[in-house]
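# Examining the three-dimensional arrangement
Below are the chains, spelled out letter by letter.
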Amino acid sequence: MTNNPRSRLAASLAAPAAALTILICLFAHLGATGLVGPDEPRYAWIARAMATSGDWVTPRLYGQPWFEKPILYYWLGAIGFRMDLPAEWAARLPSAFAALAAALAIAWLAWKYYGIEDDLAGSPVVLAPVIFSTSVAAIGFARAAAPDMLFSACLTLTMVSAAGILRRAGSLRASPDTTAGTSQRDVMSLLFFGAALGLAALAKGPAAVILAGGAIGIWALATGQWRVAFRLAHPLAIAAFCIVSLPWYMLCARRNPDFLHAFIFEHNFERYLTPLFQHKQPFWFFGPMLFLALLPWTVLLIPAAREGMRLWREKSWRDSPSFFLACWALFPVFFFSFSQSKLPGYILPAIPPLALLLAVACKRIADPESASYVWKNMLLALTWVAMGISSAILIHRLPPGAQDAAGRTIFACAALAIGGAIIIKTLRLLNRRGALLISALLVALIVEIAGARILPALDPYISARHHAQLLLNDRRPERIFAYRLNRSWNYGLAFYLHRELPQWSPNDPQAALVLTNPVGLDEIRKLGRLGGELDESHQGILYVPVLPSSLLSR
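The following refers to the structure shown. (Residues numbered from 1 in each chain as written. Predicted model: local features only at pLDDT ≥ 70, side-chain atom pairs only at ≥ 80, totals over all residues. Heavy atoms only, no water.)

### Some details on unusual backbone geometry
Residue Pro296 is bonded to the preceding Leu295 through a cis peptide linkage, with omega at 5 degrees. Mapped onto the fold, Pro296 is located in the loop between helix H13 (286-294) and helix H14 (301-313). The phi torsion at His498 lies on the positive side, around 60 degrees, for a residue other than glycine. Here His498 is to be found in the loop between helix H21 (487-497) and strand S4 (512-516). (Helix = DSSP H or I, 4+ residues; strand = E, 2+ residues; numbered from the N terminus.)

Next comes the structure, spelled out in structure tokens:
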């Protein structure tokens, strides 16, 4: 243990500071905006319906079975609705807790393979969960009312338990564990491995087995350690997987004869093999997505790649834990690059192992006077400058009202990012460490500012929550219609109004209040049925009074 008082103080503060940063990034202001996009209100509706109906087997959207995703997210979301949590917290807490579980899992894996060092602030045990939790991917998906983070966390627990089993078998730079109690630990690890994989299958389906099996298979193929890898197919692991996952699948299939066809074939095989769901992207799509997902830590991929090259040159990669992590991280990217449907969340399972790889790479270049540290520091500072400038430029892409509501705060965050870059560069000139600390604290501060000021100001422009509150007390709710709105608004309004809004038809002769967009407004105006003057500086939705057609002939 070092006798330097400053080092001891930094070590004592590292764990609390890391914990606070992680909690802010994953849990702060989960209700800053209402449910957004088409997916959040749709998944939240199903979870709320499950909580109120008591049917915990069949997911239902607007009363009809909906088999796009398995059941795990809906169960956890329904628990939040049963507890009478605010809708946004009930819907998003499962993802936030899942992200925390993934962060703790990679911290445990770092402890097992790299230990806890005197310099706790520079230890992978602390750095890995912080890098993960402060990445764009983790912050975004921890706040999403969707099964993506649940799936990634369950897959992380699966792979972490697999690494533990392989380690006790003598792989990954470990000697076979022959101490007393080994048999009992192996049994528990195999059961945990199977159960975690079963939960992943309940979160997203067959992709769980494909991603876990593919990553481990590539590792075994490259290293030639097939016998060790096949230990993971132990009957105990298979039994645990079946006990956790199969009961719901069997019960749902029994109650819904079309379940297997709709879920397995349409929402898995057809989604992967055809562009049926309109998410077609080029083969290289996930490359840029991965770089964006890792921000602000993307530049650390360079030292991580150099570390991999070092292992290759030294011919020590076969037993390296880092190679196992690389297989785990790269297989989802490789597998989904061939998919005919591509969404950013598909590569979320790659982020936890990459965070640990980046943390290990940082450990190798910790000397402030080394050339590697110098250029890492410079690139990290440039990343913050680029992020700050990009944020300032994006202000002008917001609707005029949103620019007025949030523009100054976004500009202040951009200035903070550039100021952080200056601090990082100054620390380098003084031969002081702290670039990673400054970056992590900057992320936490910007997340806090965004949650407290920016997102609430943007809420009416991106979520139906505000609009639904205005409409709840309308005297004629049966004459409120939607027209030409995209599906995000339709699903959001339905969730907050607790009913689907009917679509307005120009053939409807009666007066109505029509919720629409500028395109719909132009059509109504051309029909001559616009009721009076209209303020067109709208917040996402235009409220258009429509005259009865009987007035047109007068």
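On we go from here.
### Focus: the pattern of salt bridges
In the structure shown here, the tally under the stated rule is 17 salt bridges. Across the pair Arg92 and Glu40 runs a salt bridge whose closest N-O atoms are separated by 3.0 Å. With Arg92 in helix H4 (residues 87-114) and Glu40 in helix H2 (residues 39-53), this pair connects stretches of sequence that are 52 residues apart. For the pair Arg92 and Glu40, one class covers both residues: buried. (Salt bridge = Lys/Arg side-chain N within 4 Å of Asp/Glu carboxyl O. Buried < 20%, exposed > 50% of the residue type's maximum accessible area, 1.4 Å probe, protein only.)

### Description of the side chain of Thr158
By the element assignment, Thr158 lies in helix H7 (residues 148-168). Judged by relative accessible area, Thr158 falls into the buried class, the value being 0%. Among all residues touching Thr158, those that are not within four sequence positions of it are Phe193, Ala196, Leu197 and Ala212. (Contact = heavy atoms within 4.5 Å.)

### Quick look at the sheet that holds S4
A sheet is described by the order of its strands in space; here three strands give the open sequence S3-S4-S5, paired in mixed fashion. Here the strands that pair on one side only, and so sit at the sheet edges, are strand S3 (480-482) and strand S5 (542-546). This sheet shows a mean twist of 30 degrees between the axes of neighbouring strands, independent of strand direction. Of the strand pairs in this sheet, S4 and S5 are connected by five bridges, and their pairing is antiparallel. Residue pairing for S5: Leu515 is matched across the bridge by Tyr543. Sitting on the sheet, helix H22 (residues 518-526) is in contact with S4 and S5, with an inclination near 15 degrees to S5. (Pairing = 2+ DSSP bridges. Axes fitted to C-alpha atoms, helices over the stretch in contact; angles between N-to-C directions.)

By themselves these figures say nothing about function.
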